[in-house]
Amino acid sequence: MATEEKIKDRTAETQSAKNSANPFLVANFAPVADENIITDLAVTGTIPEELTGRFLRIGPNPSSMPNPKQYHWFLGTGMVHGLRLKGGKAEWYRNNFVLTDNAARDLKRKQLPYPRKTHGGSVNTNVLNIGGELYALVEAGALPMKLDGDLQTTAYSDFNGTLTGAFSAHPRRDPLTGELHVLAYQPGKKYIEYLVVDKSGMSRTAAQISAPHQPMIHDTAITTSFVVVLDLPMTFDLVTAVSGKFPYAWNRKQQPRIGLLPRSGDVGSMRWFEAPSCYVYHIMNAYEDGDKVIVDVVKNSTYFDAGVIRRGITSPTLVRWVLDLRTGKLSETQLAEQSIEFPRLNDSRVGQSYRYGYTAQFTADLAFGSAYKHDLLSGETFEHNFGAGRATMEPVFVAKANGKAEDDGWLLSYVYDQNTNRSDVVILDTQDFEGEPVATIHLPVRVPFGFHGNWVADCDLNAP
Ligand SMILES: [Fe+2]
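Residues numbered from 1 in each chain as written. Predicted model: local features only at pLDDT ≥ 70, side-chain atom pairs only at ≥ 80, totals over all residues.

The subject of this paragraph is the overall build of the protein chain. The helix and strand inventory of the protein chain stands at three helices and 33 strands. Its C-alpha radius of gyration of 21 Å places the protein chain within 12% of the 23 Å reference for a compact globule of 464 residues. For the protein chain, the spread of C-alpha atoms along the three principal axes comes to 65 × 50 × 40 Å. In the protein chain, which comprises 464 residues, the proportion classed as buried is 47%. A sequence separation of at least 24 residues applies to 56% of the contacts in the protein chain between residues at least 6 apart. (Helix = DSSP H or I, 4+ residues; strand = E, 2+ residues; numbered from the N terminus. Rg over C-alpha atoms; globule rule 2.2 N^0.38 Å. Buried ≥ 20, exposed ≤ 12 C-beta atoms within 10 Å, placed from the backbone. Contact = placed C-beta atoms within 7 Å.)

Generally speaking, soluble globular proteins have nonpolar side chains that are buried together. The biggest cluster of nonpolar side chains holds 128 residues, and the ones touching the most others in it are A136, V228 and V295. The leading source of residues in this core is strand β20 (residues 279-289), at seven residues. Beyond its immediate stretch of four places on either side in the chain, V228 contacts T220, A221, I258, L260, I283, A286 and V295. (Core = buried A, V, L, I, M, F, W, Y, C linked by C-beta atoms within 7 Å.)

In space, the four strands of this open sheet follow the order β20-β21-β22-β23, with antiparallel pairing throughout. Of all strands in the sheet, those bounded by a partner on one side alone are β20 and β23 (330-334). When the angles between neighbouring strand axes are averaged without regard to direction, this sheet yields 25°. Here strand β21 (residues 292-300) pairs with strand β22 (residues 317-324) via eight bridges, running antiparallel. Bridging from a neighbouring strand, D296 pairs with R320 of β22. (Pairing = 2+ DSSP bridges. Axes fitted to C-alpha atoms, helices over the stretch in contact; angles between N-to-C directions.)

Time to look at the sheet that holds strand β33 (residues 452-457). If you walk across this open sheet you meet the five strands as β1-β5-β4-β3-β33, and the pairing is antiparallel. Edge positions in the sheet fall to β1 (36-38) and β33, since each of these pairs with one other strand and no more. Averaged over all pairs of adjacent strands, the angle between their axes in this sheet comes to 15°, without regard to strand direction. For strand β4 (residues 78-86) and strand β5 (residues 89-97), the ladder comprises eight bridges, and the chain directions are antiparallel. What sits directly across from M79, in β5, is F97.

Looking at the secondary structure, you find V239 in helix α3 (residues 238-242). Once the C-alpha coordinates of V239 and A249 are considered, the two residues, ten residues apart in sequence, prove to be 9.7 Å apart.

Moving on, we come to the environment of W73. Mapping W73 onto the fold places it in the loop between β3 (53-60) and β4. Linking W73 and F226, residues 153 residues apart in sequence, is a C-alpha distance of 32 Å. Residue contacts for W73: discarding those within four places in its chain leaves F24, F29 and P60.

What follows deals with the confidence of the model for the protein chain. Looking at the protein chain, pLDDT values average 92 and 94% of them are 70 or higher. Across residues 1-19, confidence stays below pLDDT 50; counting only partners more than four residues off in sequence or on other chains, it has 22 contacts. (pLDDT = per-residue confidence, 0-100.)

With that settled, the discussion passes to the pairing of β23. Counted residue by residue, β23 has zero buried out of five residues, so it is predominantly exposed. In sequence, β22 turns back onto β23 through a hairpin of five residues, with G328 there showing a positive phi of about 75°.

Looking at chain direction, strand β26 (residues 368-375) and strand β27 (residues 381-384) are connected through four bridges and run antiparallel. Paired with H374 across the bridge in β27 is T381. In this structure, the hairpin formed by β26 and β27 is closed by a connection of five residues, where G379 is found at a positive phi of approximately 85°.

Non-glycine residue F159 carries a positive phi angle of around 55°. Taking the number of C-beta atoms within 10 Å as the measure of exposure, F159 has 24 and is therefore buried. You will see that Q214, though not glycine, has its phi angle at about 55°, which is positive. By the secondary structure assignment, Q214 is in the loop between β13 (203-210) and β14 (221-222).

Along the chain, W410 turns up in strand β30 (residues 409-417). The spacing of W410 and E139 is 271 residues in sequence and 29 Å in space, taken between C-alpha atoms. Setting aside its immediate chain neighbours within four residues, W410 contacts P48, V398, I427, L428, D429, T430 and V438.

Printed below as a string of structure tokens:
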């Protein structure tokens, strides 16, 4: 099928989805039908030559039409998108379904091997390299799925038998050790597991934290000494689970708290702090400052506490929590006034003091838009507006090889253009944040709004 015809198809698909009452099935939340390999990519500007690798992104893309009365964004079949850059050239864009059992059934394909039985639920939340291999990840129980360099799913994985329970979509890589630190949970298990994955991709359970109320824990952070445990009032809800809806809900009875678990896994020495009533999906970073621990989070005043589909999404904002180890108290200051989500930073600063963070505009009415650069020292926020009708998803910082300053790098993001119903990959110079992009790679297709992505350089893969 010619490219122009394909675009027409997708436009029709999006228009028809607009008839749906479900906001997660319309406009650029709507799924795309095709898997593509596209090699003739138009480029504006100059792609930096040292960017040799894959810019990956994942999000929900239902492989069969879900019930629009129940479907939530978090539940859709995963689809991985990737742009291959090499030596200043854009070699290809590809997108493939993450072939879980449910997806294989919908698409009438052969189910992939798995080392132990897992539920067939979607794997749709993050895509990154672990032990030199590519994995698609999700929280709450489904096993990681391994991908090849062409973004085809090859198998379920339990990391060579070392992962005995659930994993998470948000492992934190300690840049000083290369280890991943993970908090995992799943429905029915009344504990949170703290896992450490070594550089070769082998997992070990370092601690189990009792949690009979079964909280949903999406993200974690590390400092030199601690792992940050967000125990906030969104808990497993059997009533919504059996009805087929998203199985976690706001729980007013649950006291919100944040824990600092020693990285040794010594649960007996854990410190708990009373937290504001809120829900946090994402932590930008955490670090120690004397007898204080700083945790920068994206705070939702509530979540999943009303309605069926949106259920009370609020305008999330970036705030700093200071945990005082002497007094045992938490204090909060707002770091930026914008409504934002999907915080990132220079990954070489994970767990250490840092100055710069990056976010995507994200509002209560599910609108993406500009990218932001937050200078946490000066308090300034810089905006990159991609133009009318153009909206970024989570922006990803990539440090320059010889960069000296923390913000000496590029910001890569998939940007949807509602004027053309296509997406671009835009590369900004983060020290000229508000300036013209360094390069824009034009995709002849659209990339639906999704969750997370990462730049995976060839040098970080076993078989690039
Ligand atoms: Fe996330």
